[in-house]
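# Inside the fold
Take a look at the letters that make up each chain.
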Amino acid sequence: MNFMGDDGERIARAVSILSSASNVVAFTGAGISTPSGIPDFRSPDSGMWEKADPFRVASITGFRRDPSAFFEWIRPLARLSMNAKPNVAHYALLKLEQLGKLKSIITQNIDTLHTKAGSNPVHELHGQISSATCITCYKKFPASDLIRQFVETGHIPRCDCERQSILKPNVILFGEQLPFETLQAAKKAVRACDVLFVIGSSLEVAPASEIPLLAKRNGAKVIIINLHATDFDGMADVVLKGDAADLVPNIVKQVETALHASVQ
Ligand code: NAD
């Protein structure tokens, strides 16, 4: 795709910022995975909150009151996440890592697509769908087989403990704390970065949404890619409106070209 005029200028500015950076951190949301076929939560028409009440199905109080509503809601997301493949935007971030620019990824996604693409390290602020914990004895299970079974049969996964309690997938629900060590590692990465590359996040869910502010406060430049405006656009150094699957590979390709040109 060709980007002309203002878009072309903004892309050139993003390329220049990334090319001269030494420590880039990517912060990704559901929008990087919509091109892999997993709907986000908030996009008009297609977002998952169009069809479900988040506080009934995806809060920890809702889960305790009626776990079956949570499992019914998460079943299609689990199916899509299990079968989805990383897309060109995920692979472009891997390329940026291989170019020595990207040092880590912080993601709100639970779909494990950055890890499937080969990126490392990935700080998963909201957990991931591929492991689960017993709500009574807290035994942890690598849940890919259990989740696969649940997706296929609809039977809620249970622990092998005396109570045979429900296994809760290790995703962070509304009202739950973020995993402490992961959040600390993410904040440390942000404090050390010189560029925060924000891709496909509505930046509406705290405390993850505070990450761009932390980056800015520590003197980093912020680049935002999103189909729509976010509340943080005013403080970003570059805002690019468009599809992550077009913009991210395009920008990374140009960074690669700029780096090769500078060593010749
Ligand atoms: P969100 O649904 O709040 O917002 C997604 C954002 O991405 C929107 O602002 C939208 O405009 C933008 N977007 C959608 N498609 C895009 C594309 N192709 N290119 C560029 N931008 C695009 O998502 P969020 O901010 O990540 O929300 C946080 C919550 O959603 C998290 O708790 C996360 O766990 C959960 N979630 C995760 C997944 C997943 O793992 N794939 C999917 C849905 C929701």
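Further up the page is the structure itself.
Here's a quick rundown of the structure. This one's a predicted model, so the numbers in the text were calculated from it and none came from an experiment.

About the criteria used
Residues numbered from 1 in each chain as written. Predicted model: local features only at pLDDT ≥ 70, side-chain atom pairs only at ≥ 80, totals over all residues. Heavy atoms only, no water. Phe/Tyr/Trp six-rings, centres within 6.5 Å; stacked < 30°, edge-to-face > 60°. Helix = DSSP H or I, 4+ residues; strand = E, 2+ residues; numbered from the N terminus. Buried < 20%, exposed > 50% of the residue type's maximum accessible area, 1.4 Å probe, protein only. Pairing = 2+ DSSP bridges. Right-handed = clockwise from strand over helix to strand, strands pointing away. Core = buried A, V, L, I, M, F, W, Y, C linked by side-chain atoms within 4.5 Å. Contact = heavy atoms within 4.5 Å.

### Concerning the packing of aromatic side chains
Under the defined criterion, the tally for this structure stands at 6 aromatic pairs. A centroid spacing of 6.0 Å and a plane angle of 50 degrees characterise the contact between Phe-41 and Trp-73, whose relative ring orientation is tilted. In this pair, Phe-41 sits in the loop between β1 (24-28) and α2 (54-57) while Trp-73 sits in helix α4 (residues 67-83), placing the two residues 32 residues apart along the sequence. The class for Phe-41 is partly exposed, based on a relative accessible area of 25%. Ring centres 5.1 Å apart and planes at 75 degrees place the aromatic pair Phe-70 and Phe-71 in the edge-to-face group.

### Things to note about the pairing of strand β8 (residues 221-226)
In terms of residue burial, β8 counts as a mostly covered element, since 5 of its 6 residues are buried. Looking at chain direction, strand β7 (residues 195-199) and β8 are connected through 5 bridges and run parallel. Directly across from Ile-199, in β8, lies its bridge partner Ile-225. The β-α-β motif built from β7, the intervening helix α9 (residues 211-217) and the parallel element β8 has right-handed crossover chirality. Across 4 bridges, the pairing between β8 and strand β9 (residues 238-241) is parallel.

### A few points about the nonpolar core
One finds Leu-93, Phe-197, Val-248 and Ile-251 to be the most contacted residues of the largest nonpolar core, which totals 30 residues. At the level of secondary structure, the elements contributing two or more residues to this core comprise α1 (5-20), β1, α5 (88-98), β2 (102-107), β7, β8, β9 and α10 (244-263). Top contributing element to this core by residue count: α10, with 7 residues. Filtering out sequence-adjacent residues up to four positions away, Ile-251 remains in contact with Ile-11, Ala-14, Val-15, Leu-18, Ile-225 and Leu-240.

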